[in-house]
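Here is what each chain is made of, one letter per residue.
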Amino acid sequence: MTTPAHAAHLAQLNVATLRYPLDDPRVAPFVEMLDPVNVAADDAPGFVWRLVEDGAADATGLRPAGENVIVNLSVWENQEALWDFAYRSGHLEVMRRRREWFARHVEAHLALWWVPAGHLPTVGEALERLADLRAHGPSPHAFTFASSYTAAEAVEAVEAVKAAEGLRAVPPARAADSATA
């Protein structure tokens, strides 16, 4: 049985390595854009949720990936909604200027994956997905815009893994018995 597409949402994590501390004047234009971009995200069609630090308006104070690495973790109804926000809104200006504030990444810095509707991913879960993408490349477990998978493909991949694990869970003697029967 597969999960209907509407029962899944798209989670995304992106990480950025700061070239300078957030309170450095060279990063001030980025910091000034945070509130307007976050408000735009919150109001964007298809937006579901974004990670914020307790008592703050954003997650820039959280540093789970390293002292100079900021994280952005959010959930969207579908890939099109996230794409539209990232590349067809005021967020694009931040993307265009990112080299002023962030170091160039030599490995994947964005991971996308499907979650059941209503599930809010943890930072640990998100970092695991990014690590998987970096180690193994795109898959239904973690992918990018350029190499995406549907929610149905992600469900099928999970079911295939469960089925394979179930087969491996059969004791060798029973497996041999069933093979000769």
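Looking at the overall build of the chain
Each helix and strand in the chain was counted, giving 6 helices and 4 strands. Each helix (α) and strand (β) of the chain, taken in turn from the N terminus, gives the series β-α-β-β-α-α-β-α-α-α. Within the span of the chain, comprising 181 residues, buried residues form 36% of the whole. For the chain, contacts bridging at least 24 residues in sequence account for 72% of all contacts bridging at least 6. Here the chain has roughly 10400 Å² of accessible surface; of this, 57% comes from carbon and sulfur atoms.

A look at the confidence of the model for the chain
Per-residue confidence for the chain gives a mean pLDDT of 89; residues scoring 70 or more make up 88%. Under a pLDDT of 50 for its full length, residues 172-181 has, in the predicted model, 1 contact with residues more than four places off or in other chains.

Thoughts on the side chain of threonine 17
Structurally, threonine 17 is set in strand S1 (residues 8-17). Judged by its relative accessible area of 18%, threonine 17 falls in the buried class. Every residue in contact with threonine 17, bar those within four places of it in the chain, is listed here: Asn68, Val69, Trp101, Phe102, Ala103 and His105.

Rules of the game
Residues numbered from 1 in each chain as written. Predicted model: local features only at pLDDT ≥ 70, side-chain atom pairs only at ≥ 80, totals over all residues. Heavy atoms only, no water. Helix = DSSP H or I, 4+ residues; strand = E, 2+ residues; numbered from the N terminus. Buried < 20%, exposed > 50% of the residue type's maximum accessible area, 1.4 Å probe, protein only. Contact = heavy atoms within 4.5 Å. Areas by Shrake-Rupley, 256 points an atom, 1.4 Å probe, with all protein chains shown as cover. pLDDT = per-residue confidence, 0-100.

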